[in-house]
Amino acid sequence: MNGFVQRIEQNRETHCSAEEYQHLYRRSLEQPDAFWLDQAQRLDWFEAPTKAGEWSFDPVDIRWFADGTLNLCHNAVDRHLAERGDTTALIFEPDDPADDGRKLTYSELHSEVVGMANALKAMGVRKGDRVTIYMPMIVEGVLAMLACARIGAVHSVVFGGFSPEALAGRLVDCESRFVVTADGGKRGTKPIPLKTNVDAALELEGVTVEKVLVVRHTAEDTAMKEGRDVWYHEAVSDADCPCEPMKAEDPLFILYTSGSTGKPKGVLHATGGYGVWTATTFHYVFDYEPGEIYWCTADIGWVTGHSYIVYGPLINGATSLVFEGVPNYPDHGRLWDVVDKHGVNILYTAPTAIRALMREGNGFVTSRDRSSLRLLGTVGEPINPEAWRWYFDVVGEERAPVVDTWWQTETGGVMITTLPAAHDMKPGSAGKPFFGVVLELVDNDGEVLDGEAAGNLCITQSWPGQARTVYGDHDRFVQTYFSTYRGKYFTGDGCRRDEDGYYWITGRVDDVINVSGHRMGTAEVESALVLHDKVAEAAVVGYPHDIKGQGIYCYVTLNAGEEGSDALHDELRVHVRKEIGPIATPDHIQFTGGLPKTRSGKIMRRILRKIAENDFGALGDTSTLADPSLVDRLIEGRQNR
Ligand code: WT7
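Residues numbered from 1 in each chain as written. Predicted model: local features only at pLDDT ≥ 70, side-chain atom pairs only at ≥ 80, totals over all residues. Heavy atoms only, no water.

Concerning the overall build of the protein chain
When helices and strands are tallied, the protein chain shows 20 helices and 33 strands. Scaling as 2.2 N^0.38, a compact globule of 641 residues should have a C-alpha radius of gyration of about 26 Å, and the protein chain matches this with 24 Å. Along the longest, intermediate and shortest principal axes, the C-alpha atoms of the protein chain span 75 × 65 × 55 Å. In the protein chain, which comprises 641 residues, the proportion classed as buried is 61%. Considering only intrachain contacts with a sequence separation of at least 6, the fraction spanning at least 24 residues in the protein chain is 72%. (Helix = DSSP H or I, 4+ residues; strand = E, 2+ residues; numbered from the N terminus. Rg over C-alpha atoms; globule rule 2.2 N^0.38 Å. Buried < 20%, exposed > 50% of the residue type's maximum accessible area, 1.4 Å probe, protein only. Contact = heavy atoms within 4.5 Å.)

Given below as structure tokens:
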């Protein structure tokens, strides 16, 4: 039982025991059609599916429940009205604890979603149109997503922390003609000029937006462009607005995410499979029972917010808390204040937040009651055992199981986790595969590794929540995920399987880094840097960072005649923020006369990673470098000491 923390018997009717997990997992592999058609009954279908998965990874073609029709807004809202109309669907907790929050019952949510859907229709949004949502963490963001689902429009939520340039790229890529935004947002004491950012994005090349719907939130002065911009409160109407019947494979949303090359990809999810996957995973992973208060601290701009603030909880008829603020405002006890204020039972957050709060000491936690907490979850990056223990011991007082859930934007929902009543936990390990998930570890030559092993994490069978394509670029989808190991979905993660069959994610093995749980392509930061007129070339790598998981380390060569300086250093930081957003701000910039390249011109990132990690004792073979003496100069000028 090496490394185990025993599962905690919950004094309740648990959803899934160890025996049931074994039984259901086996059934999900041996009879996938029967298993998933059963799970599909968690949803209301206008036309029930008769088939489950119809898929191939070579060639790549993925369909689930293809002959079924349904609507996910109906499933998340309308169908609850008869039995749960008066149950709280959403609790809104504002940034400033002194401001009024609000609670919406399922009936209120229904009227508000209908209002939003009518506003979208009045702007000209029709089934199949892409609608870009650029919002603070307020109820209207959730309404906009559900309203799109209701009328069959495809939402593309862009995180409110992205810059106008990043927003424009995402508008152009999916030829979005509609934006839903707010006058502004607030996080901690920091104002976010959302509408101003939208105005700036709409000036950029290639953007084809015709209408902007603006929610009044911060009530600051807002310039409205005649004929283009519409106030939400003037556009709502309570006219009848039925849910559009959608085929299971009709697109539900696009969400942009970073990869190892090029610009962000528009990952596309389909309606039926995603609905079944989020409903099923939410049910089992969080063990939700009616009446409980569930809180996921993510932003709706990320997939975690899509699947586990909006679709998963609401399809299950749960009460989901929407938090506008940040964990350290007004002080480092805010999360626990919110837990106590609303009696939160289930909390789902990120390792980076846990580490940041842990550093502030136990006082902020122990001064709050927290006795409502029953289950704790983490997601987004590997959690170090120390942070896991702190979460379990101090926050949950050893009473609440921790579920460490591994998944990705592309997987739609949780893929590896322990289930609260079924599994013992291991701090630092995500645990076991969820139903229907078949994992393989392969070495760099594609050989499958058995038993205890470490390798590249692949998935060999399709699952309902799997992304179907990259919007507008199916070849890129095939290339990115199915070409490294033909016939398998390659996650991009390295992973170890231990003697108990538990999986330990070791981090990305591609040129993607994970900064505070945000996924970032090093190539994106490099592209941003070389856009600066003094920069000739840039190479960006991640390095271990105590709080953020990984930090961003940039090597920059300047154009002839330019000289590195503190001023230019700061200028480049600001420049990257402007091109991408604050989450991409470099932690270190090292000016260098050159980058270590092989004679064929390939940058040797391995060396750059080592120097960034301040671990240059074992640089490995540098004999293939065009200029081996460069390494000493790079070490000499290293920034992370
Ligand atoms: C990447 C996916 C899952 C929603 C939020 C992130 C890393 C995610 C874990 C975990 C270790 C994790 C992986 C993955 N990751 N969860 N529990 N343990 N690593 O979604 O932005 O698509 O990023 O996040 O590296 O590939 P994403």
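Additional details are given in the paragraphs that follow.
Considering the environment of Arg 508
With respect to the helices and strands, the residue Arg 508 is situated in strand β28 (residues 503-508). Given the relative accessible area of 24%, Arg 508 is considered partly exposed. The spatial distance from the C-alpha of Arg 508 to the C-alpha of Met 604 is 17 Å, given a sequence separation of 96 residues. Not counting chain neighbours up to four residues away, the residues in contact with Arg 508 comprise Gln 408, Thr 491, Gly 492, Asp 493 and Arg 519. A distance of 2.6 Å separates a polar atom in the side chain of Arg 508 from a polar atom in the side chain of Asp 510. (Polar contact = N/O pair within 3.5 Å; in protein donor to acceptor, adjacent residues only side chain to side chain.)

Section: the layout of surface pockets
When its volume is computed, the second largest pocket comes out at roughly 410 Å³. Around the second largest pocket, the lining comprises 16 residues; the ones closest to its centre are Glu 165, Ala 166, Lys 263, Pro 264 and Glu 524. Of all the elements in the fold, those that place two or more residues in the lining of the second largest pocket are α7 (164-173) and α17 (522-530). Considering each element in turn, the lining of the second largest pocket owes the most residues, six residues, to α7. Along the lines of polarity and charge, the residues of the lining of the second largest pocket split into seven nonpolar, three polar and six charged. Both domains that furnish three or more residues to the lining of the second largest pocket are identified here as domain 1 (18-326 + 401-496) and domain 2 (516-637). (1 Å grid on protein atoms, 1.4 Å probe; cavity = no way out; pocket = protein on both sides within 12 Å on 5 of 7 lines; lining within 4 Å. Points joined across faces, edges and corners; volume = space filled by probe spheres on them. Nonpolar A, V, L, I, M, F, W, Y, C, P; charged D, E, K, R; others polar. Domains from an automatic or database assignment.)

What to know about empty space enclosed by the protein
Empty space among the atoms becomes visible once a probe the size of a water molecule is rolled across them. The final tally for this structure, using the stated rule, is three cavities of 30 Å³ or more. Within this model, the largest cavity holds a volume of roughly 40 Å³. Around the largest cavity, the lining residues are Leu 72, Ala 149, Gly 152, Ala 153, Met 246, Pro 251, Leu 252 and Thr 271. Partitioning the lining of the largest cavity into residue classes produces six nonpolar, two polar and no charged.

Looking at the confidence of the model for the protein chain
Mean pLDDT over the protein chain works out to 96, with 100% of the residues at or above the 70 mark. The complex prediction reports pTM at 0.96, with the ipTM value standing at 0.99. (pLDDT = per-residue confidence, 0-100.)

Let's talk about the pairing of β28
A regular strand carries its side chains on alternate faces of the sheet. Both strand β27 (residues 489-497) and β28 contribute to a ladder of five bridges, which runs antiparallel. Bridge pairing in β28 places Cys 495 opposite Ile 505. Count of turn residues in the β27/β28 antiparallel hairpin: five residues, of which Gly 501 carries a positive phi of about 75 degrees. (Pairing = 2+ DSSP bridges.)

Side note on the packing of helix α10 (residues 271-286) against helix α11 (residues 303-315)
The angle between the axes and the distance between the axes are what describe a pair of packed helices. Where α10 contacts α11, the two axes come as close as 8 Å, and the packing angle between them is 85 degrees. It follows that α10 is roughly perpendicular to α11 by the angle criterion. Along the contact surface, α10 presents Tyr 274, Gly 275, Thr 278, Ala 279, Thr 281, Phe 282 and Phe 286, while α11 presents His 306, Ser 307, Tyr 308, Tyr 311, Gly 312, Pro 313 and Ile 315. (Axes fitted to C-alpha atoms, helices over the stretch in contact; angles between N-to-C directions. Parallel < 35°, antiparallel > 145°, perpendicular 65-115°, else oblique.)

Points about the pattern of salt bridges
Overall, the coordinates contain 43 salt bridges when judged by the stated rule. The partner of Glu 93 in a salt bridge is Lys 341, and the shortest N-O contact between them spans 3.0 Å. Here Glu 93, found in strand β4 (residues 88-93), pairs with Lys 341, found in helix α12 (residues 334-342); they are 248 residues apart in sequence, far enough to count as distant. Taken together, the shared-partner salt bridges connect Lys 195, Asp 199, Arg 228 and Asp 229 into one network. (Salt bridge = Lys/Arg side-chain N within 4 Å of Asp/Glu carboxyl O.)

What about the pairing of strand β11 (residues 211-215)?
Where burial is concerned, most of β11 is hidden: four out of the five residues are buried. Of the pairings in the sheet, the one linking strand β8 (residues 178-182) to β11 comprises five bridges and is parallel in character. Bridging from a neighbouring strand, Ala 182 pairs with Val 215 of β11. Two strands pair when backbone bridges link them, and β11 and strand β12 (residues 229-231) are joined in this way by three bridges, in the parallel orientation.

A few points about the side chain of Arg 374
The residue Arg 374 is located in the loop between α14 (363-366) and β19 (375-379) in this model. Of note is the side chain of Arg 374, whose polar atom sits 3.1 Å from the backbone oxygen of Phe 286. Those residues in contact with Arg 374 that lie beyond four places of it in its chain are Gln 10, Arg 12, Phe 286, Asp 287, Tyr 288, Glu 292, Asn 345, Ile 346, Arg 399, Ala 400 and Pro 401.

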